[in-house]
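Observations on the three-dimensional arrangement
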Amino acid sequence: MTTKINFNGQIHDELNISVLDHGFLFGDSVYEVVCTIKNQPCFLDKHLCRLFASASAISLDIPHDKQWFQEQLNTTLSAAGNLESYIRIIVTRGIGEVNIDPSTCHRPNIIIIVMETSEYPESCYEKGIHVALVSIKRNSRDALNPNVKTGNYLNNVLAKVESNKLGAQDAIMVNSLGHLTEGTTSNLFFVRDGHIFTPSLDCGILSGITREIVIQLSKENGFRVEEGKWPGEELSEADEIFLTGTIKKVMPVSHLDGRPVGSGKPGPVTLKLMRLYEFLLKG
Ligand code: PDD
């Protein structure tokens, strides 16, 4: 397992970062997770666009352009030399005074972690995972917009803690209106009578890159896809449920709150989308 960490353009084997960085003190940072295919970053342009959009949403000026990130990624991936890599790009507010005011931070820190991919076990895809609809609500869009990918993930961490206690592998959250939103690090889809449903962006979710591609693949393959608002209870009526994300890809859900979803096995629509997405990535 080789891990390399790029800190503001310099590659290290290990990195210690200042406790005065506001990323550490306040979660004042933005980030992206990117996977590789044939050790090349996958959908990198989309991830970099979202990174810059997230930074802009929190008034964080990144002192480099997308090209710089591409170059740094290439050198860091070469230095790591893994077969496939997990990439985490983090931009923090940087070092400042120990108070909430970001104007005391004068230079963002850019950290690119490249490590060997650790994929979910095959059994997650063969059998599906257990999820719980948790009581923790997804952040409101007018508080900390879930469509801004900041390093402040405590909302999601708390949902995960609750699902751990419930013996589930992941959590699904509703928003303050009780509408379905997303998983802790993934987007949510469900299937009923052969049609595909997914919470719309205005429910307060991250506009996932995998979500966008899966919607497109579904439509191209003749499925009806509806983006909308549904109460949490709607999920218990689903024939199939699946999650999407850069690392999870298309992951089937077999159980919701301890009860089987449909047959309790990955359903035909989910299986088809898993194959289509895999084919798109690997050909
Ligand atoms: N998370 N929703 C949330 C809250 C997420 O954190 C993520 C991604 C997604 C899916 O987005 P995408 O398809 O662009 O990966 C949805 C990454 C993988 C993470 O934080 O590890």
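Residues numbered from 1 in each chain as written. Predicted model: local features only at pLDDT ≥ 70, side-chain atom pairs only at ≥ 80, totals over all residues. Heavy atoms only, no water.

Focus on the sheet that holds strand β3 (residues 29–37)
Rules: Two strands form a pair only when DSSP identifies at least two bridges running between them. Secondary structure elements follow DSSP: runs of H or I of four or more residues count as helices, runs of E of two or more count as strands, with numbering from the N terminus. By definition, residues are in contact when any of their heavy atoms lie within 4.5 Å. Helix axes are fitted to C-alpha atoms over the stretch in contact, other axes to C-alpha atoms as well, and angles between N-to-C directions run from 0 to 180 degrees.
Taken together, the six strands give an open sheet; going across it, the order is β2-β1-β6-β5-β3-β4, and neighbouring strands pair in antiparallel fashion. A strand with exactly one partner marks an edge of an open sheet, and here the two such strands are β2 (10–12) and β4 (40–41). Where helix α2 (residues 44–57) meets the sheet, it contacts β3, β4 and β5 (85–92), and its direction lies at approximately 175° from that of β3. Together, β1 (4–7), β2, β3, β4, β5 and β6 (109–116) form the strand contacts of helix α3 (residues 66–80), whose direction differs from that of β6 by roughly 35°.

Some details on the domain arrangement of the protein chain
Interfaces are often sized by the amount of accessible area the parts lose when they come together. Quick reminder of the rule: For the domains described, the bounds stem from an automatic or database domain assignment. Buried area is calculated as the accessible area (1.4 Å probe) missing from two parts once they are joined, with the contributions of both summed. Salt bridges are counted wherever a side-chain nitrogen of Lys or Arg sits within 4 Å of a carboxyl oxygen of Asp or Glu.
Considered domain by domain, the protein chain is made up of domain 1 (4–116) and domain 2 (122–282). Contacts between domain 1 and domain 2 engage 20 residues on the former and 19 residues on the latter. Here domain 1 and domain 2 share an interface that buries about 1500 Å² over both sides, 67% of which is from carbon and sulfur atoms. Area buried by domain 1 at its contact with domain 2 is led by Tyr 31, Phe 43 and Arg 50, which between them contribute 37% of it. In this structure, Glu 212 engages Lys 46 in a salt bridge whose closest nitrogen and oxygen atoms are separated by 2.9 Å.

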